[in-house]
Amino acid sequence: MGSKGICDRVAIVGMGCTKFGEHWGKSVSDLLVDAAHDAYHSAGVEAEQIDAYWLGTLSSGVSGLTAAEPLKIQYKPVTHVENMCATGSEAIRNAAYAVASGAYDVAMAIGVEKLKDSGFSGLVGSGGVASDGTEAGMTAPANFSLLAPAYAEKYGVDMETLRDVLSRIAYKNHYNGARNEKAQFQREVSMEKINASPKVAGMLGIMDCSGVSDGAAAAVLVRAEDAHKYTDNPIFIKGLSFVAGPAEGTKRQEYDFTTFPEVVASAHDAYAQAGIKDAREEISMAEVHDCFTPTELVLMEDLGFSERGQAWKDTVDGRFDLKGEQPINPDGGLKSFGHPIGASGLRMMYEMWLQLRGEAGERQIENPKLGLTHNLGGQPGRCVSFVSVVGR
Ligand code: COA
């Protein structure tokens, strides 16, 4: 299964990203303008040079007009894409394929979401009215909280140890976010405070959750052979995969909530495209979808960074720390940035852009070769998954 891929055929030559957080004083349009202008400037292009746009937003607008109007795009194609929480990554994926096909020379992927003043909260049930009783209307934290006891039971990890492992993930991501001027939360948070944070669902407390924020980010993509016309330091797409699962998990007895088969499938596909045999050894760093702390734990195994049942040990051993062997969420992740849905996938790519170009300042990882971004939409047993591999 899978795509033939577009390894080394498309480059990112410019990126922009707003600060993520509470933007009470800015509209969706303002955020789009800020991100797009940052990206134009970064690629050294004028707006007129962009041939086509892909806009990712889940709920902050409909149709291409959401971007065409504020960006004053003059009679050009603007495609609105949506794929749940993987929406920002979908914008990149579609723009990359458009450029690779030769249909356009220069494309922009742009993503935005403004959640704070929409009243969005993870504590509001996502399922609406249950249909025939087989779909429960559970909140996002409740859905993802099911991963924790399932993991503990399957791998014989006692709950106290697991609590420390989850806190360690939140601690790490807040540590990284404290070193990022674009993050929503820029403070380190102690293990004690994380352990003691008020419970939200199951064993998850507030500090196990990503926050709710506003933000936008954008990328300029061109064919690889044109990349050096725009920058001395492009980054190249090696693998790009997206899968939608059959949404059977919650209906099947054998689904045990310790894996996302969709992530395994999309990682397998992206690695095949990029020629990666051993992700633990070959991927230098990754931005993954840490919507809740147990999600990051399970992702380490689904992406092949840890053996099954071993991610909790790798976490405690510091493998995924900023100075560890395989840093995960060096920018602070969803934990520090919140999750303005249409923007998150592009925000992840923005960190790859900085790291691979040696521009990540205090967070800079030594000589990274390949980076991975991972975006998940949905819930355990019923989700979509995106994986990209990028490099110099
Ligand atoms: N992580 C760290 N700090 C957080 C936080 C989080 N997830 N959420 C809120 N805070 C902080 C705020 O900065 C604020 O700090 P301050 O008092 O120093 O300013 C304080 O906690 C209270 O903020 P508030 O916005 O009132 O929190 P809340 O109780 O309304 O929201 C949650 C907390 C957990 C409900 C909210 O963060 C949430 O819904 N998260 C999940 C989002 C989600 O499900 N996304 C979909 C993912 S698939």
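About the thresholds
Residues numbered from 1 in each chain as written. Predicted model: local features only at pLDDT ≥ 70, side-chain atom pairs only at ≥ 80, totals over all residues. Heavy atoms only, no water. Salt bridge = Lys/Arg side-chain N within 4 Å of Asp/Glu carboxyl O. Helix = DSSP H or I, 4+ residues; strand = E, 2+ residues; numbered from the N terminus. Pairing = 2+ DSSP bridges. Axes fitted to C-alpha atoms, helices over the stretch in contact; angles between N-to-C directions. Domains from an automatic or database assignment. Contact = heavy atoms within 4.5 Å. Buried area = accessible area lost by both parts, 1.4 Å probe. Polar contact = N/O pair within 3.5 Å; in protein donor to acceptor, adjacent residues only side chain to side chain.

(A) Region of the structure containing the pattern of salt bridges. Tallied over the entire structure, the rule returns 26 salt bridges. Between Glu287 and Arg347 there is a salt bridge, with the nearest N and O atoms lying 3.0 Å from each other. Placement of the pair is Glu287 in strand β9 (residues 285-287) and Arg347 in helix α13 (residues 341-356), with a sequence separation of 60 residues. In this structure, a network of salt bridges that share partners links the residues Asp105, Arg223, Glu225, Asp226 and Lys229.

(B) The sheet that holds strand β10 (residues 370-379), seen in detail. Across the sheet, which stays open at both edges, the nine strands sit in the order β3-β2-β4-β7-β1-β8-β11-β10-β9 with mixed pairing between neighbours. Lying at the two open borders of the sheet, with one neighbouring strand each, are β3 (78-81) and β9. Sheet twist, expressed as the mean angle between neighbouring strand axes with direction ignored, is 25 degrees. Sheet analysis places strand β2 (residues 52-56) next to β3, joined by four bridges and oriented parallel. Residue pairing for β3: Leu55 is matched across the bridge by His80.

(C) Region of the structure containing the domain arrangement of the protein chain. Under the domain assignment used here, the protein chain contains domain 1 (10-119 + 214-233) and domain 2 (140-210 + 239-391). The interface is formed by 42 residues belonging to domain 1 together with 27 residues belonging to domain 2. Considering only the surface of domain 1 that becomes buried against domain 2, Met15, Phe20 and Cys85 emerge as the three largest contributors, covering 25% of it. The tally of links between domain 1 and domain 2 comes to zero salt bridges. Summed over the shared surface of domain 1 and domain 2, the result is nine residue pairs in polar contact (both at pLDDT 80 or more). Among the elements of the structure, β1 (10-17), α1 (28-43), α3 (87-101), β4 (106-114) and β7 (214-223) are those that each provide at least two residues to the side of domain 1 that touches domain 2. In terms of residues, the side of domain 1 that touches domain 2 owes the most to one element, α3, which gives nine residues.

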